[in-house]
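# Coordinate analysis (summary)
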Amino acid sequence: MLLLALAIAACTAIHFQGKSGDCDSYDAAKKNTDTFNEMLAKLSPFETLEFPNDTFCFAGGITATGLENVVIRFNGTVRFSDDTSKWPEDGDGKRIPAMYFEKFRNVTFTSDGKGLLDGNGHKWYGLAQYAYFGENRPKLFEIYNSSDILVENLILKNSPYWTFWAHNMTGLEVRYTDIYAAVDDKDSHDLFPLPRKGDITAFNTDGFDVNGRDVWIHDCNIWNQDDCIAVKDEGQHWTTENMLFERINASGLGLAIGSICNAHVRNITFRDIRMHHTVKGIYTKFRTNAAPPLIGLIEDVTYENIYIEEPEQWPIWIGPAQQSDDVEFWRGHPCSLCWPQFEMRKIGFCDCGTVDDQYYRNILLKNITIVRPSYPVGIVLGSENTIENIHFEDVKVVDPKYTDSHLSTWFKEHGGLKQYFACSGIKNNTATCKNCDPVPSCFRDVSDGHGDDDHDGKEDIGSAQRLANQSTYRYEESDGCACSANPDYSFV
């Protein structure tokens, strides 16, 4: 970073030559895109391309390759066209990102205050739009195969699809950068919004999606309608490692690792994070595998000092991905989005299967506080002997929130909210919990004062969980759907 700072100090400023305003004209937006691409292509090392504090409108397709030792400074607003019919496509008919960068080295994206990159995505949002566009919507910011990248002092707003996708990276820092994607300004997320509920149908608006190695994202705010952060893979035999996410406010589909298939993810830490009215909280997930088996491994993961306030679904989910890659979105790949809501009504096609040959190892959750959840505490779910050395410490639930809904009543009748709804797949009794409330049913309680009270030669799992054990839900094994090398799917 020292070399990068020296490079920034030496930069020569070049001002963007496009036309400000005129956001109703697609032709003007396209001309600005062409101008920006031409200026990027001419940018030399130790130069800064600077936007003045004004609003500039663009069509999709801003792209550059091979820049080194430069700064791109967005001091105003970059807003993209909302004309969905004219969005540029590649040769396969796939809509290209609003901004795409490749093979960058020592490049900074910044502003003097808080620059705005506005994806203007509302015409891509909603159930009808999802049925029409599906996953073929443009990402806002994508960077690939790059190193030593700094992103700071920006707001990324209302992306039509994934907001920030940095893949095959070596050295990435994101700081003081906020992501916002929503249909409305309500303080919640809901598929069927009531007057006082927020609308979650800005589908697939992932926050920070990353893979590669040596990534640090900190001091950021995220409000979106899919994974807030997602540590991803990139095809077969991929390794993602050495990532730290800290001092973040996040609300959406959770702090995710995955979905992962035939890849190795290791040394990932989330810490000092507040999650207000989030849908999911802690979320690690494998997607379904193919034959012959493809091995996946998530290991050496820490979630620490996480405060989850009134989560709308599962506070903790460690197991199969709850997602779909099918127009029949209720079918799980491997776990249905409708589960357990429809399953409890004995509607059989909304099941939740585990994933063979996908493994968790050395997972730590420490100092996790869950306040007023409306679902049970969580899911720890794997195929036989696929979860090894998992430890919870000071993971506690405060004041569970029952409602008048049929789902809440059903949970109350099947063990209550202060339980782990599923707990299986532990290898060799290697799941432990210290000072937890509640204790997961398949964990050993290693708190002070706990031991072998029932004299069976094994440390107890906690007497408060014995009743929960008896009512633990039963699951079907996954039928082994194909594992895609391209992880670009998830309904929410």
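Below: a short report on this structure. (Residues numbered from 1 in each chain as written. Predicted model: local features only at pLDDT ≥ 70, side-chain atom pairs only at ≥ 80, totals over all residues. Heavy atoms only, no water.)

## A word on the overall build of the protein
Within the protein one finds 5 helices and 28 strands. Expressed as a percentage of its 492 residues, the buried residues of the protein come to 59%. Expressed as a percentage of contacts within the protein between residues at least 6 apart in sequence, the contacts between residues at least 24 apart total 74%. (Helix = DSSP H or I, 4+ residues; strand = E, 2+ residues; numbered from the N terminus. Buried < 20%, exposed > 50% of the residue type's maximum accessible area, 1.4 Å probe, protein only. Contact = heavy atoms within 4.5 Å.)

## Quick word on the nonpolar core
Generally speaking, nonpolar side chains in soluble globular proteins are found buried as a group. Phe-36, Phe-109, Phe-164 and Phe-392 are the most contacted members of the largest nonpolar core, which has 97 residues in total. Dropping the residues within four chain positions of it, Phe-36 is found in contact with Phe-16, Leu-49, Phe-51, Phe-58, Ile-62, Ile-72, Phe-74 and Met-99. In this structure, Tyr-283, Tyr-375, Leu-381 and Leu-417 belong to the second largest nonpolar core, which totals 17 residues. (Core = buried A, V, L, I, M, F, W, Y, C linked by side-chain atoms within 4.5 Å.)

## Observations concerning unusual backbone geometry
Going from Gly-258 to Ser-259, the amide bond is cis rather than trans, its omega being 5°. Take Ser-259: it is sitting in strand S18 (residues 255-260). A cis amide bond links Asp-437 with the next residue in sequence, Pro-438, at an omega value of 5°. One can find Pro-438 in the loop between strand S27 (431-434) and strand S28 (444-445). Located in the positive-phi region is Asp-148, a residue other than glycine, with phi close to 55°. Structurally, Asp-148 is set in strand S11 (residues 147-152). A relative accessible area of 36% places Asp-148 in the partly exposed class. Positive phi, close to 55°, is recorded for Asn-428, a residue that is not glycine. For Asn-428, the position within the fold is in the loop between strand S26 (420-424) and S27.

## Some words on helix H4 (residues 406-413)
The complete set of buried residues in H4 reads Leu-407, Ser-408, Trp-410 and Phe-411. Buried residues of H4 fall within an arc of 160° about the axis and therefore sit on the same side. Turned more than 90 degrees away from the buried face of H4 sit Lys-412 and Glu-413, all of them exposed. One or two positions beyond H4, positive phi appears at Gly-415, with a value near 110°. (Arc of directions from axis to C-beta.)

## Some words on the packing of aromatic side chains
With the rule as written, the count across this model stands at 42 aromatic pairs. With a centroid separation of 6.1 Å and an interplanar angle of 45°, the aromatic rings of Phe-58 and Phe-80 are classed as tilted. Here Phe-80 lies in strand S6 (residues 77-80) and Phe-58 lies in strand S3 (residues 55-58), a separation of 22 residues in the sequence. On the basis of relative accessibility, which here comes to 1%, the residue Phe-80 falls in the buried class. An angle of 70° between the planes, with centres 6.1 Å apart, marks the rings of Trp-314 and Phe-411 as edge-to-face. Placement of the pair is Trp-314 in the loop between strand S21 (296-309) and strand S22 (316-320) and Phe-411 in helix H4, with a sequence separation of 97 residues. Its relative accessible area of 0% is what places Trp-314 among the buried residues. Taking the relative accessible area as the measure of exposure, Phe-411 reaches 0% and is therefore buried. (Phe/Tyr/Trp six-rings, centres within 6.5 Å; stacked < 30°, edge-to-face > 60°.)

## Points about the pattern of salt bridges
Note that side chains of opposite charge can pair when their charged atoms are close. Within the structure shown, the criterion is met by 23 salt bridges. The partner of Lys-19 in a salt bridge is Asp-22, and the shortest N-O contact between them spans 3.8 Å. Of the charged contacts in the structure, one is a salt bridge between Asp-399 and Arg-372, with a shortest N-O distance of 3.0 Å. With a gap of 27 residues between them, Asp-399 in the loop between strand S25 (387-398) and H4 and Arg-372 in the loop between strand S23 (358-371) and strand S24 (378-381) connect regions that are remote in the sequence. Judged by its relative accessible area of 43%, Asp-399 falls in the partly exposed class. Taking relative accessible area as the criterion, Arg-372 reaches 29% and is therefore assigned partly exposed. The structure contains a network of salt bridges with shared partners spanning Asp-219, Glu-246, Arg-247 and Arg-271. (Salt bridge = Lys/Arg side-chain N within 4 Å of Asp/Glu carboxyl O.)

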